Amino acid sequence: SSSDSLQPLESSISDEERFKDVASLTLQCPSCQQKFLFGGIVASKRYQMSYSGLQCSSCQHTFAPLQMSAQLESAIRSHISMYYAGYLVCDDSTCGNNTRQISVFGKRCLSENCMGVMRYRYTDKQLYNQLLYFESLFDVEKNKKDALKPLYRPDHPDAPEAKIPTSQLLALGEQNRELFQVMSSVVQKYLANCARRFVDMDAIFAFAVAN
Ligand SMILES: [Zn+2]
Ligand SMILES: [Zn+2]
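About the thresholds
- Residues numbered from 1 in each chain as written.
- Chains lettered and ligands numbered in written order.
- Predicted model: local features only at pLDDT ≥ 70, side-chain atom pairs only at ≥ 80, totals over all residues.
- Heavy atoms only, no water.
- Helix = DSSP H or I, 4+ residues; strand = E, 2+ residues; numbered from the N terminus.
- Buried < 20%, exposed > 50% of the residue type's maximum accessible area, 1.4 Å probe, protein only.
- Polar contact = N/O pair within 3.5 Å; in protein donor to acceptor, adjacent residues only side chain to side chain.
- Contact = heavy atoms within 4.5 Å.
- Axes fitted to C-alpha atoms, helices over the stretch in contact; angles between N-to-C directions.
- Parallel < 35°, antiparallel > 145°, perpendicular 65-115°, else oblique.
- Nonpolar A, V, L, I, M, F, W, Y, C, P; charged D, E, K, R; others polar.
- Donors = N, O, S within 2.8 Å, 3.2 Å for Na, K, Ca; no water.
- Tetrahedral: all angles 85-135°; square planar, octahedral: opposite > 155°, others 65-115°.
- Pairing = 2+ DSSP bridges.
- Salt bridge = Lys/Arg side-chain N within 4 Å of Asp/Glu carboxyl O.
- Core = buried A, V, L, I, M, F, W, Y, C linked by side-chain atoms within 4.5 Å.

Student: Before we go on, may I ask you to explain the side chain of Q55 in this structure?
Tutor: Here Q55 is to be found in strand β4 (residues 53-56). Given a relative accessible area of 14%, Q55 falls into the buried group. In this structure the side chain of Q55 is engaged in a polar contact, spanning 2.6 Å, whose partner is the side chain of Q48. Engagement of the side chain of Q55 in a polar contact is seen with the backbone oxygen of Q60, the distance being 3.2 Å. Ignoring anything within four residues of it in the chain, the contact list for Q55 reads Y47, Q48, S50, Q60, H61 and T62.

Pasting the structure below:
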């Protein structure tokens, strides 16, 4: 039932497992236009969390909070609109091909050189889980515990060679707490709407069952 999707997930499930099917958050540097996957306070070849916020590793630009939150909000909105549109989406997170078109080759992605598979997005549970994933990226405690879903598999060419040392991770978490709270509140606004819709559906079904 729809209420099942709102049950708190087992705390024993790691974020890596819980969020295995979610799309990554892609951000773009407003200065040099480099696109990169954002995975919280983790080692990356494309960006770094500094004591004064998110910094592009390509041009050293430090994002203003609004440059970060506007992109997060835009990503959330695109996921919500895909949910409503019933689009197919490529399962390769670096591809980003969204279409209503079905390939004559079955479910293969039609983007050039992409080996991804097109899937329907979304179930309401997937959308909810996607929003929870975005929220997790800005969870200071989770970041400090190094408990976020890794951005890359260890054998991926973009996988960083070393992790951020724990003492640095703890300090960066605290220094970015205010920024992360702003980012987190952006996600929570949509999570609340998402949850309310499920509750509304429960109310409708309860009425139907009662009659
Ligand atoms: Zn840049
Ligand atoms: Zn693709």
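Student: Before we go on, may I ask you to explain the packing of helix α2 (residues 65-85) against helix α3 (residues 124-137) in this structure?
Tutor: The geometry of a pair of packed helices is captured by two quantities: the angle between their axes and the separation between those axes. At a minimum axis separation of 10 Å, α2 and α3 run at an interaxial angle of 170 degrees. As summarised for this structure, α2 and α3 are arranged roughly antiparallel, according to the angle between their axes. Along its contact with α2, which presents L72, A75, I76, H79, I80 and Y83, the element α3 presents D124, L127, Q130, L131 and F134. Its residues assigned to classes, the contact of α2 with α3 shows eight nonpolar, two polar and one charged.

Student: Would you explain the coordination of the zinc ion (ligand 1) in this entry?
Tutor: For a metal with four tetrahedral donors the ideal donor-metal-donor angle is 109.5 degrees, while six octahedral donors give ideal angles of 90 or 180 degrees. Coordination of the zinc ion (ligand 1) by the protein is provided by C29 (SG), C32 (SG), C56 (SG) and C59 (SG), with metal-donor distances spanning 2.3 Å. With four donor atoms in place around the zinc ion (ligand 1) and angles of 103 to 115 degrees between them, the coordination shape is tetrahedral. The motif formed by the donor residues of the zinc ion (ligand 1), counted along the single chain, is C-x2-C-x23-C-x2-C. In this pair, C32 is assigned in the loop between β1 (25-28) and β2 (35-38) and C59 in the loop between β4 and α2, connecting sequence segments 27 residues apart.

Student: What's the story with the pairing of β4 in this structure? I'm lost.
Tutor: Residues in a regular strand project their side chains so that they alternate between the two faces of the sheet. Relative to β4, strand β3 (residues 47-50) runs antiparallel, the two sharing four bridges. Paired with Q48 across the strands is Q55, a residue of β4. If you look at the hairpin formed by β3 and β4, you'll find two residues sitting between the two strands.

Student: In this structure, what is going on with the pairing of β1? I would like to understand it.
Tutor: Only one face of β1 is buried, namely the one carrying L25 and L27, since none of T26 and Q28 on the opposite face is buried. Note: β1 against β2, four bridges, orientation antiparallel. Looking across to β2, one finds that L25 is bridged to F38. The hairpin formed by β1 and β2 contains six residues between the paired strands, and Q33 there has a positive phi angle of roughly 70 degrees.

Student: I would appreciate a short explanation of unusual backbone geometry in the present structure.
Tutor: The general pattern is negative phi for most residues beyond glycine and trans for most peptide bonds. For Q33, which is not a glycine, the phi torsion comes out positive at approximately 70 degrees. With respect to the secondary-structure elements, Q33 resides in the loop between β1 and β2. Residue classification places Q33 among the partly exposed residues on the basis of a relative accessible area of 44%. If you check the backbone angles, Q60 has positive phi at about 70 degrees while not being a glycine. Its location among the elements puts Q60 in the loop between β4 and α2.

Student: So what exactly am I meant to see when it comes to the coordination of the zinc ion (ligand 2) here?
Tutor: Coordination of the zinc ion (ligand 2) by the protein comes from C90 (SG), C95 (SG), C109 (SG) and C114 (SG), over a distance range of 2.3 Å. Seen from the zinc ion (ligand 2), its four donor atoms lie at angles of 102 to 114 degrees, and the figure they make is tetrahedral.

Student: Please explain the pattern of salt bridges as it appears in this structure.
Tutor: Pairs may arise between side chains of opposite charge once their charged atoms sit close together. Applying the stated criterion across every chain yields a total of ten salt bridges. With its nearest N and O atoms 2.9 Å apart, the salt bridge here joins K163 to D146. Of this pair, K163 sits in the loop between α4 (140-144) and α5 (166-175) while D146 is found in the loop between α4 and α5, placing the two residues 17 residues apart along the sequence. Relative accessible area serves as the criterion here: at 66%, K163 is assigned to the exposed category. Overall, the relative accessible area of 39% leaves D146 in the partly exposed class.

Student: Looking at this structure, how should I read the nonpolar core?
Tutor: Grouped burial of nonpolar side chains is what soluble globular proteins tend to show. In this structure, L25, F38, L54, L72, I76, F134 and F138 are the most contacted members of the largest nonpolar core, which totals 42 residues. The element best represented in this core is helix α6 (residues 177-210), accounting for eight residues. Ignoring anything within four residues of it in the chain, the contact list for L72 reads L25, F134, F138, M183, V186 and V187. With five residues, the next largest nonpolar core counts L88, C90, C114 and M118 among its residues.

Remember, this is a structural readout, not a statement about activity or role.
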